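So the chains spell out like this:
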Amino acid sequence: RECFSIVSFNCHGFNQGKEALSSICNVLLPEVIFVQEHWLYSINNDELLKFSSNYMCYFSSAMEDIISRGILRGRPFGGVATFVRNDLVPYSKLVAKSDRFIAVCIGEALFINIYGSSANKKEDKMSVNSDLLAQLDEELSQFSGMTNILVGGDFNVDIRKDCDVSQIFKTFFVSHDLVPSINVVPYTTAYTYWHTSLGACSTIDYFALPERLCTFVLSNEVLDLEPNFSDHFPVMLTFNQQFAKDF
């Protein structure tokens with residue numbers, strides 16, 4: 001294995017993201033793919049589970065609790081999925097999942113795909129993210145001896161900014177000896193998310209990795225795939241052959 005790549009992509013709904021996701025699965029062929037906001041129910045999870053013959057998919061829906069409480073009002077939301085390329089499937093194992101994260105162990109590494117809160121109110125965003133990180137702390141306590149931990153996804157906050165929301169992620173990263181990928185190799189593209197009608201953009205999709213792995217990073221890039229109907233760009237982190245030896 002010459003290198004090891006991992007892609008993260010917020011689809012903004014499966015139907016809007018599936019064209020770009022198809023390019024990722026069938027052209028780029030990274031070892032691991034993190035997907036956020038697929039908006040699918042468990043009942044139609046085959047949309048992702050059978051999406052590509054090149055991958056096995058671990059799936060989690062954010063819709064089950066809402067549906068169990070009555071009729072959905074507004075559009076669907078949330079949901080995460082992690083794709084593992086077929087050659088790594090024999091070495092992969094689902095560790096834990098919730099509506100906002102999926103943790104998969106592959107070989108000697110733990111891959112955690114997360115979707116941070118997009119709540120409008122800061123108090124709500126802080127509460128949801130604090131709960132999410134508390135769950136992850138509990139899961140990671142079971143892997144105290146594992147040194148290859150990679151966290152990635154849509155954090156819904158630019159970690160480089162000085163604010164209360166970014167601070168709780170910074171504290172989490174420091175407590176687990178993780179470094180944001182955009183601090184290791186900054187993106188050459190100015191943003192990973194854009195809202196056309198509002199004219200808003202931000203860098204909220206990235207990874208976090210152990211400091212000792214930073215020397216193995218070959219590239220960290222924002223992917224401009226066509227067509228892409230999501231409001232996010234996919235991002236890809238690639239490690240060199242030395243890191244890939246673990247797989």
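Above this text is the structure in question.
Position labels on residues start from 1 in each chain and follow its written sequence. In keeping with the model being predicted, local features are shown solely for residues with a pLDDT of at least 70 and side-chain atom pairs are shown and tallied solely at 80 or more, while totals for entire chains, interfaces and linings include all residues. To obtain the side-chain values, all non-hydrogen atoms of the structure were included, while hydrogens and water were left out.

## So, the sheet that holds strand 4 (residues 80-85)
Thinking step 1. Note on pairing: DSSP must find at least two bridges between two strands before they are called paired. To qualify as a helix, a DSSP run of H or I must reach at least 4 residues; to qualify as a strand, a run of E must reach at least 2; elements of each kind are numbered from the N terminus. The strand order across the open sheet built from six strands is 3-4-2-1-14-13, with neighbouring strands paired in mixed fashion. Single-partner strands in this sheet number two, and they are strand 3 (55-60) and strand 13 (217-222). When strand polarity is set aside, the average angle formed by the axes of neighbouring strands in this sheet is 10°.
Thinking step 2. Taken together, the six bridges between strand 3 and strand 4 define a ladder with antiparallel strand orientation. When the sheet's bridge partners are listed, Tyr55 is paired in strand 4 with Arg85. Only C-alpha atoms enter the line fits that serve as axes; for helices the fit covers just the stretch in contact. Angles between N-to-C directions range over 0 to 180 degrees.

## Things to note about the packing of helix 4 (residues 122-140) against helix 5 (residues 164-175)
Thinking step 1. Remark: helix 4 packs on helix 5, axes separated minimally by 9 Å, with the N-to-C direction vectors making an angle of 10°. Taken together, the axis directions place helix 4 and helix 5 in an arrangement best described as roughly parallel. Taking contact as the criterion, the partners of Lys122, Lys125, Met126, Asn129, Ser130, Leu133, Leu136, Asp137 and Leu140 in helix 4 are, on helix 5, Asp164, Val165, Ile168, Phe169, Phe172 and Ser175. Roughly parallel means an angle under 35 degrees; roughly antiparallel means over 145; roughly perpendicular covers 65 to 115; every other angle is labelled oblique. In this description, contact between two residues means that some pair of their heavy atoms is separated by no more than 4.5 Å.

## Notes on the nonpolar core
Thinking step 1. Counting 56 residues, the largest nonpolar core has Leu110, Phe111, Ile112, Ile114 and Phe239 as the members making the most contacts within it.
Thinking step 2. Ignoring anything within four residues of it in the chain, the contact list for Phe239 reads Cys3, Phe4, Leu150, Leu209, Leu213, Phe216, Val217 and Leu218.
Thinking step 3. Counting 20 residues, the second largest nonpolar core, distinct from the first, contains Ala20, Ile24, Val35 and Leu40. The set of buried Ala, Val, Leu, Ile, Met, Phe, Trp, Tyr and Cys residues whose side-chain atoms join them within 4.5 Å is what this entry labels a nonpolar core. To sort residues, take the accessible area from a 1.4 Å probe on protein chains only and compare it with the maximum for the residue type: under 20% means buried, over 50% means exposed, and anything in between is partly exposed.

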